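One-letter residues, chain by chain:
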Amino acid sequence: EDDSAHALKLVSGDNYIPGPFYSASNASDFAAALGLPDSGQGGRADILIANAMGFQASAFGNHEFDLGTGEVAGLVAIHSDDGNSYPGAAFPYLSTNLDFAPDANLAGLVVADGAAPQANSIAGSVVITIGGEQIGVVGATTPTLGTISSPGDVGIAPMDFNAANSDDLDALAAEIQPTVTALTDAGINKVILLAHMQQIAIEEALASRLSGVDIIVAGGSNTILADANDRLRAGDTAAGTYPKLFTSGSGEPVAVVNTDGNYRYVGRLVVGFDANGALMLDTIDPVFSGAYATDAQGVADLGDPAPIAEVAAIAQDVSDVLIARESTIFGNTAVYLNGVRGSVRTEETNLGNLTADANLAAAQAVD
């Protein structure tokens, strides 16, 4: 039997992150190459890649909101101009602890929870039928969104969240649980939570607090979970097994999965469910489940499958823009500039100092 008939393709958010790759999508040359409106909208390459890869649902991450909710709407919704059309997200964006109704840019994209996935939409949950079985998919976003991004008038719950506070973790679970319960009350006994919490410890805490959730796809922490037989990229190490297993608030097993971001890995979980919708842990085979590196060796290990032509074309068009934009050398350094995530997020670095000084100089030039 064709395994693809039973496959779900899900992502836990931060599908686009401001930076050179994001900005390349705003170029006229990029729009012309792909027949898109010349709207100056960044981020379209990532959404088009997600469409081509066949993602069926995504959580909202924090980076989706970095440039405001108008930017979010411009990427999720269809846009046409001068005979050219941008299709928007071919999958729904999900988050049950965010309230989009107060935000004028996003309110019109909201659809009812618990329905089949709709393109260009926002909801708290969807139901996807795979192999004749209904799978509930729920989204959740870090409650720190208001202080680390720009969510406009979107409501965020719980407010004043502190991950170190057990009561706050309880409050977060209480925001998610009603959406899960609505699915299970409707007879859907297999539920996946796409949780973009930025700290895998939070997703782990939710695993034991929620009832009715079978799988949690974590997001935003870039934590690499892997089996002992998974080949990781050079220099990478696993922070835990794939999946990590917990017991839910209703006494059933919960699997938590996560991989690194920026297209560096694809996580694959192959698992069976019993007649009651509970995970059958003995069906998880580390030969098939785990983190798959997307480097050249990883592709070769899979038998060198042909790349998705549309993805390859988009990546090439982005590359063309970046080569044209970034070919001017403004300066050189004989010193290694430390931009490692673990360093720049936790301590002073020379790259941090350089960029801070550059920003200050640019601001002082106008004020």
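Residues numbered from 1 in each chain as written. Predicted model: local features only at pLDDT ≥ 70, side-chain atom pairs only at ≥ 80, totals over all residues. Heavy atoms only, no water.

Engineer: With reference to specific residues and values, describe the pairing of strand β9 (residues 133–141).
Structural biologist: With seven of nine residues buried, β9 lies mostly within the body of the structure. Across six bridges, the pairing between strand β8 (residues 125–130) and β9 is antiparallel. Looking across to β9, one finds that isoleucine 128 is bridged to isoleucine 135. Taken together, β8 and the strand that follows it, β9, pair antiparallel across an intervening segment of two residues, in which glycine 131 is found at a positive phi of about 55 degrees. (Buried < 20%, exposed > 50% of the residue type's maximum accessible area, 1.4 Å probe, protein only. Helix = DSSP H or I, 4+ residues; strand = E, 2+ residues; numbered from the N terminus. Pairing = 2+ DSSP bridges.)

Engineer: Give me the sheet that holds strand β7 (residues 122–123): which residues, what numbers.
Structural biologist: Two modes of strand pairing occur in sheets, parallel and antiparallel, and in both the strands are linked by backbone hydrogen bonds. Spatially, four strands are ordered β1-β2-β5-β7 in an open sheet, and the strand pairing comes out parallel. The open sheet terminates on both sides in strands that have one partner only, identified here as β1 (10–11) and β7.

Engineer: Mind laying out a nonpolar patch on the surface, listing which residues take part and the relevant values?
Structural biologist: There is a patch of nonpolar side chains on the surface, built from Val270, Val287 and Phe288 and spanning about 250 Å² of accessible area. Within the secondary structure layout, valine 270 lies in the loop between β15 (265–268) and β16 (272–273). (Patch = residues over 30% accessible without salt bridge, like charges linked within 9 Å, V, L, I, M, F, W, Y side chains within 5 Å. Areas by Shrake-Rupley, 256 points an atom, 1.4 Å probe, with all protein chains shown as cover. Salt bridge = Lys/Arg side-chain N within 4 Å of Asp/Glu carboxyl O.)

Engineer: Can you tell me about the layout of surface pockets, naming the residues and giving the values?
Structural biologist: Reported here for the second largest pocket is a volume of approximately 300 Å³. Lining the second largest pocket we find Pro20, Gly339, Arg341, Val344, Arg345 and Leu351. Of the residues belonging to the lining of the second largest pocket, the class tally is three nonpolar, one polar and two charged. (1 Å grid on protein atoms, 1.4 Å probe; cavity = no way out; pocket = protein on both sides within 12 Å on 5 of 7 lines; lining within 4 Å. Points joined across faces, edges and corners; volume = space filled by probe spheres on them. Nonpolar A, V, L, I, M, F, W, Y, C, P; charged D, E, K, R; others polar.)

Engineer: Please provide a residue-by-residue account of the packing of aromatic side chains, values included.
Structural biologist: Applying the stated criterion across every chain, the model contains five aromatic pairs. With a centroid separation of 5.1 Å and an interplanar angle of 45 degrees, the aromatic rings of phenylalanine 60 and phenylalanine 65 are classed as tilted. For the pair phenylalanine 60 and phenylalanine 65, one class covers both residues: buried. When the centroid spacing of 5.4 Å and the interplanar angle of 40 degrees are considered together, the rings of phenylalanine 60 and phenylalanine 100 count as tilted. Linking phenylalanine 60 in the loop between β2 (57–59) and α4 (69–76) with phenylalanine 100 in the loop between β6 (98–99) and β7, this pair joins segments that are 40 residues apart in sequence. This pair shows no difference in class: phenylalanine 60 is buried, exactly as phenylalanine 100 is. If you follow lysine 190 out to its NZ or CZ, it ends over the ring of phenylalanine 273, 5.9 Å from the centre. (Phe/Tyr/Trp six-rings, centres within 6.5 Å; stacked < 30°, edge-to-face > 60°. Lys NZ or Arg CZ within 6 Å of the ring centre and 35° of its normal.)

Engineer: Go over the sheet that holds strand β12 (residues 215–219), please, and point to the residues and values.
Structural biologist: Ordered in space as β8-β9-β11-β12-β14-β13, the six strands form an open sheet in which the pairing is mixed. The open sheet has two edge strands with one neighbour each: β8 and β13 (244–247). For this sheet, the mean angle separating the axes of adjacent strands, direction not counted, is 25 degrees. Taken together, the six bridges between β9 and strand β11 (residues 191–196) define a ladder with parallel strand orientation. Considered in β11, the bridge of glycine 136 is made with valine 191. (Axes fitted to C-alpha atoms, helices over the stretch in contact; angles between N-to-C directions.)

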